[in-house]
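Here is how the chains run, residue by residue.
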Amino acid sequence: MSGYLSSEQRDRLLKGVRAAGQRVLAIYERDFTVETKQDDSPLTEADMASHHALVALLETLTPEVPILSEESGEIPYSTRRAWSRYWLLDPLDGTKEFIKKNGEFTLNVALIEGGEPVFGIVHAPVLGVDGTTWWGQVGEGAWKQAEGAIETIRVRGLPDPQDAPWKVVGSRSHGAAAFEAFCGDLPDNQRVSMGSSLKLCLVAEGAADLYPRLAPTCEWDTAAAQAVVVAAGGAVLNAHSLTPLRCNQQDSVLNPYFIVCGERDDRWEQALAKALR
């Protein structure tokens, strides 16, 4: 398979991801058990149900493309480094939010080419009547479907702070002190807290301007939404170097700290540099 995905492949993926979301939703709406993984993060049967559904979907659609999922176990870098193209999955991003039952969790599917997320789907089963889905293919555009309607999405330009505050989104659970320091050095701004990769999607659709992530994440947490952001005209940048975030460049799957933006601006770049000191 060469090039990006055809419209038929995208449609099949969207349908399959939403079906996996229905499996997750069925578990969400009843009692479920919570286990603890070796890294002390939580694991539910919904994580595994989504994992198995998404892997089966991708193995049927693109049997020649390898798959790396948060729940697929360790695949050594000696194997992964040979992958020029692969699928990267977070079957349930925001497991803590899932357990809290606040609805702020997503299913994430990304296609990685040469270390770059080039296609991504982020599906939130609880948001809206039939869930809300964001997807994007770099170079072609990004879209959102909610309440059945599909709309093209795009990042917005930073407003003049004298006319409207900058909207800065942050994590519900991580990096609060650095986030507050960053916001404190910005022009007038409004802060919004949210869970999972929904934060990146808010920037992609122009509902937020910046998302600084100054706490640990893994590549599967961000890749799908990164593709949506970039396809919508924005960027996901290493917080230290301000270069695009890349996948599969090292043994570890940990991301550096990063920032999601609709556009570059000296004011937030200076605030970020100060927050990182």
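Quick note: structure is the one above.
Position numbers for residues count from 1 along each chain, tracking the sequence in the order it is written. Note on the predicted model: pLDDT of at least 70 is required for a residue's local features to be given, and 80 or more for side-chain atom pairs to be given and counted; whole-chain, interface and lining totals, by contrast, use all residues. The basis for every side-chain value is the complete set of heavy atoms in the structure, and neither hydrogens nor water enter the calculation.

J.: Explain the packing of helix H1 (residues 7–28) against helix H2 (residues 45–61) to me, and be specific about the residues and the numbers.
T.: Every angle, taken between N-to-C directions, lies between 0 and 180 degrees, and every axis is a line fitted to C-alpha atoms, over only the stretch in contact when it is a helix. Here a strand is any run of E in DSSP of at least two residues, a helix any run of H or I of at least four, and the numbering for each starts at the N terminus. With their axes 9 Å apart at the nearest point, H1 and H2 run at an angle of 160° to one another. When the axis of H1 is compared with that of H2, the two are roughly antiparallel. Considering only the axes of H1 and H2, their crossing is right-handed. Counting all contacts with H1, which are made through Gln-9, Arg-12, Leu-13, Gly-16, Val-17, Ala-20, Arg-23, Val-24 and Ile-27, the residues of H2 involved are Glu-45, Ala-46, Ala-49, Ser-50, Ala-53, Leu-54, Leu-57, Leu-58, Thr-60 and Leu-61. Residues of the contact of H1 with H2, tallied by class, amount to 12 nonpolar, 4 polar and 3 charged. By definition in this entry, angles of less than 35 degrees are roughly parallel, angles greater than 145 are roughly antiparallel, angles of 65 to 115 are roughly perpendicular, and the rest are oblique. Less than a right angle of anticlockwise turn of the near helix away from the far helix marks a crossing as left-handed, whereas a clockwise turn marks it as right-handed. Residues count as neighbours in contact if any of their non-hydrogen atoms are within 4.5 Å of one another. Under the grouping applied here, Gly and all other residues not named as nonpolar or charged are polar, the nonpolar ones being Ala, Val, Leu, Ile, Met, Phe, Trp, Tyr, Cys and Pro and the charged ones Asp, Glu, Lys and Arg.

J.: Which residues make up unusual backbone geometry, and what values go with them?
T.: Of note in the backbone geometry, Lys-101 takes a positive phi value of approximately 60° without being a glycine. Along the polypeptide, Lys-101 turns up in the loop between helix H4 (95–100) and strand S5 (106–113). Judged by its relative accessible area of 38%, Lys-101 falls in the partly exposed class. With a phi close to 55°, Glu-147 is a non-glycine residue in the positive phi region. Topologically, Glu-147 is positioned in the loop between strand S8 (141–146) and strand S9 (149–153). Note on Glu-147: relative accessible area 52%, which makes it exposed. Burial status follows relative accessibility: with a 1.4 Å probe on protein chains alone, a residue under 20% of its type maximum counts as buried, one over 50% as exposed, and anything between as partly exposed.

J.: Break down the environment of Gly-21 for me, citing the residues and quoting the values.
T.: Looking at the secondary structure, you find Gly-21 in helix H1. Here Gly-21 falls in the buried class, since its relative accessible area comes to 0%. When near neighbours in sequence (up to four residues on either side) are disregarded, Gly-21 contacts Leu-107, His-123 and Pro-125.

J.: Can you lay out the sheet that holds strand S4 (residues 85–93) for me, pointing to particular residues and giving the numbers?
T.: Paired through backbone hydrogen bonds, the strands of a sheet run either parallel or antiparallel to each other. The strand order across the open sheet built from 7 strands is S3-S4-S5-S6-S7-S8-S9, with neighbouring strands paired in mixed fashion. Looking along the sheet, the strands with just one partner apiece sit at the ends: strand S3 (67–69) and S9. Mean inter-strand twist for the sheet, computed between neighbouring axes without regard to direction, equals 15°. At least two bridges found by DSSP between two strands is the condition for calling them paired. Across 3 bridges, S3 lies against S4 in parallel orientation.

J.: Talk me through the pairing of strand S10 (residues 166–171); I want residue IDs and the actual numbers.
T.: For a regular strand, the rule is simple: side chains alternate between the two faces of the sheet. Buried residues dominate S10, accounting for 5 of its 6 residues. Sheet topology note: the S10/strand S11 (residues 189–194) ladder contains 6 bridges and is parallel. Across the sheet, residue Ser-171 finds its bridge partner in S11, namely Met-194.

J.: Tell me about the side chain of His-123, and please be specific about residues and values.
T.: Along the polypeptide, His-123 turns up in strand S6 (residues 116–124). Polar contact is the term for a pair of N or O atoms within 3.5 Å; when the atoms are in protein, one must be able to donate a hydrogen and the other to accept it, and sequence-neighboring residues count only if both atoms are side-chain atoms. At 2.8 Å, the side chain of His-123 forms a polar contact with the side chain of Thr-133. When neighbours within four sequence positions are excluded, His-123 is seen to be in contact with Val-17, Arg-18, Gly-21, Phe-105, Thr-106, Leu-107, Asp-130, Gly-131, Thr-132 and Thr-133.

Interpretation in functional terms is not warranted from these geometric data alone.
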